[in-house]
Amino acid sequence: MEGGMISVDRWARGSQAYFLTHLHSDHTRGLSSTWSHGPLFCSRTTAKLFPLKFPDFNFALLRVVEIGSWHHLSLSSPSSGSPAPIQFMPIDAFHCPVKF
Ligand SMILES: [Zn+2]
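Residues numbered from 1 in each chain as written. Predicted model: local features only at pLDDT ≥ 70, side-chain atom pairs only at ≥ 80, totals over all residues. Heavy atoms only, no water.

Thoughts on the side chain of S43
The line we're drawing: By definition, any uninterrupted DSSP run of H or I lasting at least four residues is a helix, any uninterrupted run of E lasting at least two residues is a strand, and each is numbered from the N terminus. Relative accessibility under 20% of the residue-type maximum defines a buried residue, over 50% an exposed one, and the middle range a partly exposed one, all with a 1.4 Å probe and only protein chains included. Pairs of residues are marked as contacts when any of their non-hydrogen atoms sit within 4.5 Å.
Structurally, the position occupied by S43 is in the loop between β3 (40-42) and α1 (44-53). Assessed through its relative accessible area of 16%, S43 is described here as buried. If near-sequence neighbours (up to four positions away) are discounted, S43 is found in contact with V64, V65 and I67.

Now the structure itself:
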């Protein structure tokens, strides 16, 4: 995939969509309550826990995605600007034991 489109557990500016796999601290380095580089996609469980770690975050940036469902995003090519639709399906890695 072309650079500048998505970031997974990376929080530097310059992507169109950001994915947070889970809230363990080795995956949130660079993320903060004032971070606002783009929409942040995460599971419902992560979204519920998110305010405990980042209480002043702009929660309008959060996009909850369902585990095991296909999701569609309309991104654009950073080089040409042409549409670059992507599809993704979050999969439970059974790495986080707590369910809500
Ligand atoms: Zn972890």
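Moving on, there is more to tell.
Some details on the pairing of strand β5 (residues 71-76)
Applied cut-off: Only strands joined by at least two bridges in the DSSP assignment are considered to pair.
Of the two faces of β5, the one lined by H71, L73 and L75 is fully buried and the one lined by H72, S74 and S76 carries no buried residue. Of the pairings in the sheet, the one linking β5 to strand β6 (residues 83-88) comprises six bridges and is antiparallel in character. Among the inter-strand pairings, S76 is bridged to a residue of β6, identified as P83. Connecting β5 to the next strand, β6, in antiparallel fashion are six residues, including G81 with a positive phi near 80°.

Examining the coordination of the zinc ion
Condition: In this description, a donor is an N, O or S atom within 2.8 Å of the metal centre, a cutoff extended to 3.2 Å for sodium, potassium and calcium. Water is not part of the atom list, which can make sites seem incomplete.
Looking at the metal site, the zinc ion is ligated by H22 (NE2), H24 (ND1) and H95 (NE2), spaced 2.0 to 2.1 Å from it. Of note, the zinc ion draws all its donor residues from one chain, in the sequence arrangement H-x1-H-x70-H. Pair noted here: H22 is in the loop between β2 (17-19) and β3 and H95 is in the segment after β6, with a separation of 73 residues, a long-range link. Given a relative accessible area of 9%, H22 falls into the buried group.

Notes on the pattern of salt bridges
Here the idea is simple: oppositely charged side chains can pair when their charged atoms come close. How we decide: Any Lys or Arg side-chain nitrogen found within 4 Å of a carboxyl oxygen on Asp or Glu counts as a salt bridge.
All told, the structure shown has one salt bridge when counted by the stated rule. The partner of R44 in a salt bridge is E66, and the shortest N-O contact between them spans 2.4 Å. Separated by 22 residues along the polypeptide, R44 in helix α1 and E66 in the loop between β4 (62-64) and β5 bring together distant segments of the chain.

A few points about a nonpolar patch on the surface
As a reminder, the rule being used: Patch membership is restricted to residues that have no salt bridge and whose relative accessible area is over 30%. Joining uses 9 Å for like charges and 5 Å for the nonpolar side chains Val, Leu, Ile, Met, Phe, Trp and Tyr. Accessible surface area values rest on a Shrake-Rupley calculation with a 1.4 Å probe, where residue burial reflects the displayed protein chains alone.
Taken together, the side chains of W70, M89 and I91 present a nonpolar region at the surface, about 360 Å² in accessible area. Note that I91 resides in the segment after β6.

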